[in-house]
Amino acid sequence: MFYSDPTRIQDLLEGLNEPQCQAVTSQSQYLLVLAGAGTGKTRVLTHRMAWLIQDQGYSPFQLMAVTFTNKAAKEMKNRVSDLIGIDARNLWVGTFHGLSNRILRIHAQEAGLKPQFQIMDMGDQLSFIKRLMKDFNIDTETYKPKDLQYFINDQKEQGLRAEQSEDTYSNPHFEKMKSLYVLYQERCESEGVVDFGELLLRSYELITRNENIRQKYQQHFAHILVDEFQDTNDLQYRWLQLIAGTEGALFAVGDDDQSIYAFRGARVENLFDFERRFAKGSVVRLEQNYRSNQGILEAANAIISHNKARLGKELWSDKTSEHQIYVVGHERDFDEARYVVNKIDTYRQSGVHLNEMAILYRSNAQSRLFEQNLVQQGIAYRVYGGMRFFDRQEVKNALAYLRLLGDPHNAYAFLRVVNFPPRGIGARTIEQLTQNLEQTGQSYYDLVDTLKLSATKKLQAFKEMVQKWTEQAHMMKLSELLAWVINDSGMRLYYQNQKESVDRLDNLDELVYATEQFCREYDLEGYHAFDMITFQGIQMRLLDAFLSHVGLEPGERHVGDTTEDAVQLMSVHASKGLEFQIVFIVGLEEGLFPHANNDMPEEERRLMYVAITRAKDELYLNHAGYRRLHNMEHYSAPSEFLLQLPEHLIQQRGFPVHVKSPKSFGVRRFGQLSKTQNFASGNQIKTNSKTVYTSQNEHNGYHVGQQVSHAAFGKGTIVSFVGSGESTQVKVAFKGQGVKTLKLSMAKLMKLS
DNA sequence: CCTCAGCTGTTTTTT
DNA sequence: ACAGCTGAGG
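To start, this report covers the structure provided alongside it. Keep in mind that what you see is a predicted model, and the values were worked out from it rather than measured.

The rules behind each value
Residues numbered from 1 in each chain as written. Chains lettered and ligands numbered in written order. Predicted model: local features only at pLDDT ≥ 70, side-chain atom pairs only at ≥ 80, totals over all residues. Heavy atoms only, no water. 1 Å grid on protein atoms, 1.4 Å probe; cavity = no way out; pocket = protein on both sides within 12 Å on 5 of 7 lines; lining within 4 Å. Points joined across faces, edges and corners; volume = space filled by probe spheres on them. Helix = DSSP H or I, 4+ residues; strand = E, 2+ residues; numbered from the N terminus. Nonpolar A, V, L, I, M, F, W, Y, C, P; charged D, E, K, R; others polar. Salt bridge = Lys/Arg side-chain N within 4 Å of Asp/Glu carboxyl O. Buried < 20%, exposed > 50% of the residue type's maximum accessible area, 1.4 Å probe, protein only.

### Some details on empty space enclosed by the protein
Move 1: Scanning all chains against the criterion turns up four cavities of 30 Å³ or more.
Move 2: A volume near 130 Å³ is recorded for the largest cavity.
Move 3: For the largest cavity, the lining is made up of 13 residues, of which Asp121, Phe390, Lys396, Arg403 and Val550 are closest to its centre.
Move 4: Those elements giving two or more residues to the lining of the largest cavity turn out to be helix 15 (393–406) and helix 23 (542–552).
Move 5: Among the elements that make up the lining of the largest cavity, the one with the highest residue count is helix 15 (four residues).
Move 6: Partitioning the lining of the largest cavity into residue classes produces seven nonpolar, one polar and five charged.

### A word on the pattern of salt bridges
Move 1: Applying the stated criterion across every chain yields a total of 44 salt bridges.
Move 2: Salt-bridge contacts for Lys41 lead to Asp227; the nearest nitrogen and oxygen are separated by 3.0 Å. You can see Lys41 sitting in helix 2 (residues 41–54) and its partner Asp227 sitting in the loop between strand 6 (223–226) and helix 10 (234–244), a full 186 residues away along the chain.
Move 3: Among the residues examined, Lys41 registers a relative accessible area of 21% and is labelled partly exposed.
Move 4: We note a salt bridge from Glu604 to Arg362, for which the minimum N-O separation is 2.6 Å. With Glu604 in helix 25 (residues 601–612) and Arg362 in the loop between strand 10 (357–361) and helix 14 (367–377), this residue pair connects regions lying 242 residues apart in the sequence. The pair Glu604 / Arg362 is uniform in exposure class, with both members buried.
Move 5: A network of salt bridges, in which partner residues are shared, links Lys156, Arg161, Glu189, Asp195, Glu198, Arg202, Glu205 and Arg209.

Everything listed is a geometric property; what it means functionally is a separate question.
This is the structure in structure tokens:
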């Protein structure tokens, strides 16, 4: 039973501020909570859930809460559980994909899927596509596997099957892509695998088409709560509306100012649409920030106010500013790195914890220089954004063995491990198997016995080994089975004999541990690998439960000890939702941040807004006049964002400006700049002491900001110059086509005006 | 089966 | 600069 524990009943509204309270207890069917950074949005979500259960008498199972990350889902479960003392493990709280997966497992048959269908991650999907294209002899130079992958995922995110796809971008490859999408989907069906997009789309179609199922869910879920609503894509928004039906309540929490995922299909327009169509008049704004001091918030507000497409919101705090915001100009990228690391060292000596300091950058490649300096100074640090645990090749190989045990007909798993570790089954053998596969409709696993090939003996030995494991699996715990497979397959020995594979062996042990951990978490310790168990209310084999779990939770994105006190290095994207006492934002230069490849200037500004609002106490904004990127020299003006900061907040201001002179190349002059100067549009810049020129804003008679015309791309504006001499490249922003990088000597740009 | 030269792409990232 | 991948050749 899931009634809340009477000994724990408490006033759930205590300690909430006025708008928070209003949101938690709202009686509107549709409510939009515009929750600014650091305003207690998770608090509102969890308290609303607890309030609906404890004070409004809903069964916990009548609520659905949707998040984007597993981390957020887990946190929400824990906090609800802490608030009202219920077991939150089986609640309908999860990611869009996790919840879709759950629905599809319950109705696998109606959805046309095997009960043990397996989920492909992005890497699996790409190899799947490469295999498909190879088998159909598609020229992978003309049609890049990655392009097809993006095409398919993009179509699915829009809720489109191949036959519904329309060429909205005048893509010259469109018809071909569409036909490949058909082939791709056919193969997914025949091999019984689904990609991430398919989970959403398939469950959407299931609920749309099957009236019984639709009624069941629409009647069942009285309240649907959504976190990070501004990050929903087209299909996710429709999915939510479908499940809510006409009766269900939709409680959407989001922040249009923190929408930074358009590149992966997020549509901030969904939030505007929701406000217009459903929540008209039912909008609660959370504006009191409990994280940063007033100065930092003023800076954030000033930056974001330059955006036009927003519902409007102003953060405030009752913490006054004790400190200033520092804007620091550096000559070169490594000066910036040295400066930041020295500052960190100083703060450390004065007693600030390292994990209360963060270095935030626009692109991950920027971490390198900071790492070098931190190593030199002997300061512990942690870089976020590396490879995930379940993405490592040794882990994927071990899991592929498990997948093969879960479904011997799984082609992906078979091909991945049939010759790993190497056992003499080469590409030629696989080719022959593949040819027969299409003709006979049998799986690779079946074909081993029916074909006479030179490698048949070896193939049969492999199959016997898998059969042996399968028989034993009935009597083994999942962790025992996995450990045995790792040894018996020869994987462990293989990695032992490889040089520098110590980490890989550790990871394999870690994986075995992860299976134990999984069983412990869901009270499944007593079961064998093939035993039928109940997982999230669904009957399935333990092995299948584990496999679908790892398919959707690929582990942490960073490595090593997370408890060690260490400086935090991460991209601005990765920092969303986190907070630090002292924040260093680095690389604030035109072209880098805002990034030249992003044709959505407002999204770049929102990114800056996210970065600033991470800081609790102190904020350092750094930029360099010169940096090396992709082995080329880049000279850039300071970021426009620096010029949009209120003057009175800024403590230090030294914009370096390069003087145009071949002899004194790279020499800089510091000067106090007035806010009105526009670095990007001209090459003449006035400081308080003299007029100087930015050296690389001008090249062979062309200059940054100049309007030009190109034979193929049409009209555009010069954004920057890269490199020097013969090899100079020019970046031009063309109307409607984004930024192109061209070789200046070849580009034949016509000067306009 | 393994190694190495050569080619490509290099913003952000979750599931 | 550099990582990741492919294909040729030992």
